[in-house]
Amino acid sequence: MGQTGEPRRGHAHAHDGELGAAVARAQEGDDGAFAVAYRIVQPGLLGYLRGLVGDEAEDVASDAWLEIARDLGRFRGDGAGFRGWTATIARHRALDHLRRQRVRPRSAVLEQDVLELPGPHSTHDQALESLSTEYALGLVRGLPQDQAEAVLLRVVVGLDGPAAARVLGKRPGAVRTAAYRGLKRLARELGVADGGTDGVTEGVRERDGDGHG
């Protein structure tokens, strides 16, 4: 199920240096380095796909990784860029899958570990940890699709606003706003106090280097 054996919390960017180096080696034909890149990226990618296609996420992820491996030589960028590139490929595969089923993308389906937000803000960490899986699913199903997908890309995949916007084909401000509103709504429904509610959104805003929603 894409487990890395390493803690997820707060590590959305912690391994980007290692990821970038692994991708560079993989492009030179190092199969072991490709496995390292897979190990780092797969948990977030799988969580994102669960939000789009539910139980079909594993199959769609497999298709995405086949394309990623095939086109790896064409990628140019660092570790953070690789996250965005792989998320774009995975999203295309997910939308293809949904079109074949003739259904619209589902509201995001998040499991408890997927709802872990990065950053040092203990208030929202503690609140999110208290969720049962069933409650988490109910909360996120209630988010509008744009908010759910923005939260997935920002929090689960670990992309900044511009990178998430490229994946979605939207303006960065629109994605930041959708993620902010989605997290704000989750915090409100979790009953986080007013003072702590902004803590839920700070990680998203800080990741862009500004305070604009």
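For clarity, every value in this text was computed on a predicted model and none was experimentally measured.

What follows deals with the overall build of the chain. If you tally the helices and strands in the chain, you get ten helices and zero strands. Walking the chain from its N terminus toward its C terminus, one meets helices and strands in the order α-α-α-α-α-α-α-α-α-α. By residue count, 49% of the 213 residues in the chain fall in the buried class. On the chain, roughly 10100 Å² of surface is accessible, and the fraction owed to carbon and sulfur atoms is 48%.

This part takes up helix 1 (residues 16-27). Between its first and last C-alpha atoms helix 1 spans 16 Å; for twelve residues at 1.5 Å apiece the expected length is 16 Å, and the two agree. Along its buried surface, helix 1 packs onto helix 2 (31-53) and helix 4 (79-101). Directly beyond the C-terminal end of helix 1, a positive phi value near 100° is found at Gly29.

All right, on to the nonpolar core then. If you look at the biggest cluster of nonpolar residues, it comprises 43 residues, and the most contacted ones within it are Tyr48, Phe82, Leu153 and Leu159. Those elements that provide at least two residues to this core are helix 1, helix 2, helix 3 (57-71), helix 4, helix 7 (145-157), helix 8 (161-168) and helix 9 (172-190). It is helix 2 that contributes the most residues to this core, ten residues altogether. The next biggest cluster of nonpolar side chains, apart from the first, holds six residues, and it includes Ala148, Val155, Leu183 and Leu186.

A few words on the environment of Gly44. Of note, Gly44 is situated in helix 2. Separated by 109 residues in sequence, Gly44 and Leu153 have C-alpha atoms that sit 8.5 Å apart.

With that out of the way, let us pick up the confidence of the model for the chain. Confidence in the prediction for the chain averages 75 pLDDT; 65% of positions are at 70 or higher. Confidence, expressed as mean pLDDT per element, reaches its minimum in the chain at helix 5 (residues 122-129) with 42 and its maximum at helix 3 with 95. This stretch, residues 193-200, has a pLDDT under 50; its non-local contacts, to residues over four places away or in other chains, come to twelve contacts.

For Arg91, the position within the fold is in helix 4. Under the relative-accessibility criterion, Arg91 is labelled buried at 15%. Look past the residues within four positions of Arg91 in its chain and what remains in contact with it is Tyr48, Leu52, Glu149, Val167 and Leu168.

Bringing helix 3 into the picture now. With 15 residues, helix 3 extends 21 Å between its outermost C-alpha atoms, agreeing within 8% with the 21 Å of an ideal straight helix rising 1.5 Å per residue. Inspection of helix 3 places Ala57, Val60, Ala61, Ala64, Trp65, Glu67, Ile68 and Asp71 among the buried residues, and these make up the whole buried set. One face of helix 3 carries all of its buried residues, which in axial projection span an arc of 160°. In helix 3, the exposed residues that point more than 90 degrees away from the buried face are Asp59, Leu66 and Arg70. In this structure, the buried side of helix 3 is in contact with helix 2 and helix 4.

What follows deals with the side chain of Glu149. Mapped onto the secondary structure, Glu149 falls in helix 7. Assessed through its relative accessible area of 7%, Glu149 is described here as buried. Among all residues touching Glu149, those that are not within four sequence positions of it are Tyr48, Leu52, Arg91 and Leu168.

Moving on, we get to the packing of helix 1 against helix 2. Between two packed helices, what matters for the description is the angle formed by their axes and the separation of those axes. Close contact between helix 1 and helix 2 brings their axes to 7 Å; oriented N to C, the two are set at 145°. Handedness of the helix 1/helix 2 crossing: left-handed. Here Glu18, Leu19, Ala22, Val23, Arg25 and Ala26 of helix 1 lie close against helix 2, whose contacting residues are Ala33, Phe34, Val36, Ala37, Arg39, Ile40 and Val41. Tallied by class, residues from the contact of helix 1 with helix 2 come to ten nonpolar, no polar and three charged.

Cut-offs used in this document
Residues numbered from 1 in each chain as written. Predicted model: local features only at pLDDT ≥ 70, side-chain atom pairs only at ≥ 80, totals over all residues. Heavy atoms only, no water. Helix = DSSP H or I, 4+ residues; strand = E, 2+ residues; numbered from the N terminus. Buried < 20%, exposed > 50% of the residue type's maximum accessible area, 1.4 Å probe, protein only. Areas by Shrake-Rupley, 256 points an atom, 1.4 Å probe, with all protein chains shown as cover. Expected span 1.5 Å × (residues − 1). Contact = heavy atoms within 4.5 Å. Core = buried A, V, L, I, M, F, W, Y, C linked by side-chain atoms within 4.5 Å. pLDDT = per-residue confidence, 0-100. Arc of directions from axis to C-beta. Axes fitted to C-alpha atoms, helices over the stretch in contact; angles between N-to-C directions. Left-handed = near helix turned anticlockwise from the far one by under 90°. Nonpolar A, V, L, I, M, F, W, Y, C, P; charged D, E, K, R; others polar.

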